[in-house]
Amino acid sequence: MAGFGTDVTLDRPFDEAVEVVTAALAAEGFGVISRIDLDKAFAEKLGTEFRRYTILGACNPGLAHRAITARPDVGLLLPCNVTVEEAPGGALVRLVDAGQMMAMGDLGEVPEIADLAQDAGARLGRVADALRSG
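Cut-offs applied
Along every chain, residues carry numbers that run from 1 in the direction the sequence is written. Under the rules for a predicted model, residues below a pLDDT of 70 receive no local features and side-chain atom pairs below 80 are neither given nor counted, while totals for whole chains, interfaces and linings still include all residues. Hydrogens and water are ignored here; the side-chain numbers use all heavy atoms of the structure. Helix and strand definitions here come from DSSP, where helices need a minimum of 4 consecutive H or I residues and strands a minimum of 2 consecutive E residues; each element is numbered from the N-terminal end. It is over C-alpha atoms that the radius of gyration is taken, and the globule rule equals 2.2 Å times the number of residues to the power 0.38. Exposed residues in this analysis have more than 50% of their type's maximum accessible area, buried residues have under 20%, and partly exposed residues fall in between, with area computed by a 1.4 Å probe over protein chains only. In these tables, accessible area is a Shrake-Rupley quantity obtained with a 1.4 Å probe, and a residue counts as shielded only by the protein chains included in the view. The positive count covers Lys and Arg only, the negative count covers Asp and Glu only, and His and the chain ends enter neither. The location of each charge is read from NZ of Lys, CZ of Arg, CG of Asp or CD of Glu. Strand pairing is assigned whenever DSSP detects at least two bridges linking the two strands. Two aromatic rings, drawn from Phe, Tyr or Trp (for Trp, its six-membered ring), form a pair once their centres lie within 6.5 Å of each other, and the interplanar angle then sorts them: stacked below 30 degrees, edge-to-face above 60, tilted otherwise. Remark: nonpolar core denotes a set of buried residues (Ala, Val, Leu, Ile, Met, Phe, Trp, Tyr, Cys) joined through side-chain atoms within 4.5 Å. Throughout, a residue-residue contact means that at least one pair of heavy atoms, one from each residue, lies within 4.5 Å. Throughout this description, a polar contact denotes any pair of N or O atoms lying within 3.5 Å of each other; where both atoms belong to protein, one of them has to be capable of donating a hydrogen while the other can accept it, and for residues adjacent in sequence the pair is counted only when both atoms sit in side chains.

Student: Which residues make up the overall build of the protein, and what are the values?
Tutor: When helices and strands are tallied, the protein shows five helices and five strands. Moving toward the C terminus, one meets the helices and strands of the protein in the order β-α-β-α-β-α-β-β-α-α. Relative to the 2.2 N^0.38 estimate, which gives 14 Å for 134 residues, the radius of gyration of the protein is 15 Å and therefore close to what a compact globule would have. Along the longest, intermediate and shortest principal axes, the C-alpha atoms of the protein span 45 × 35 × 25 Å. When the 134 residues of the protein are sorted by exposure, 40% land in the buried category. Here the protein has roughly 7300 Å² of accessible surface; of this, 57% comes from carbon and sulfur atoms. A distance of 2 Å separates the average location of the 12 positive side-chain charges in the protein from that of its 20 negative side-chain charges.

Student: So, the pairing of strand β5 (residues 90-96): which residues are in play, and what are the values?
Tutor: With six of seven residues buried, β5 lies mostly within the body of the structure. Direction of pairing for strand β1 (residues 5-10) relative to β5: antiparallel, over a ladder of six bridges. Among the inter-strand pairings, Val8 is bridged to a residue of β5, identified as Val93. Counted along the chain from strand β4 (residues 80-87) to the antiparallel partner β5, the turn is two residues long, and its residue Gly89 has a positive phi close to 80°.

Student: Any chance you could break down the packing of aromatic side chains for me, citing the residues and the numbers?
Tutor: Counting across every chain of the model gives two aromatic pairs. Look at Phe42 and Phe50: their rings are 5.2 Å apart centre to centre, the planes differ by 90°, and that puts the pair in the edge-to-face class. Here Phe50 falls in the partly exposed class, since its relative accessible area comes to 36%.

Student: Break down the nonpolar core for me, citing the residues and quoting the values.
Tutor: In terms of nonpolar packing, the biggest core is built from 35 residues, with Val21, Val84 and Val93 touching the most fellow members. Listed by contribution, the elements that provide at least two residues to this core are β1, α1 (14-27), β3 (53-59), α3 (61-70), β4, β5, α4 (98-101) and α5 (111-133). No other element matches α5, which puts eight residues into this core. In this structure Val21 touches Leu10, Leu56, Val82, Val84, Val93 and Leu131, once residues within four positions along its chain are discounted.

Student: Residues and numbers for the side chain of Arg71, please.
Tutor: Take Arg71: it is sitting in the loop between α3 and β4. Within the local environment of Arg71, its side chain forms a polar contact with the side chain of Asp106, the two groups lying 3.1 Å apart. Not counting the four nearest positions on each side in its chain, Arg71 is found in contact with Asp106, Leu107, Val110 and Ile113.

As structure tokens, then:
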């Protein structure tokens, strides 16, 4: 467990790691609805080189719908972000801690949100386990 989530190191090239992470997320009902390639954005906007670093916005539509129905402002915290970055010998994947994210402010006091955070956290935990074993 890192500061905001779980770290998993993959012994795979970056592009392959992104594919494997996307597939592991899909197996738990998450689709990737956004992709931000920060290295490309930094090069384009700042003229700065940076290691390959991609943010995947992962969304489980059923969980997102339930969360936003319970508390519309929870949309500020969605989707669940997963990062993939180039690392020596492979790629480093970081998956957000949904429980920590959904405990911001008074959200943790809303039973529906707490249940959803636990569900999303368990799913993301299984994604991390699948990445470690795959």
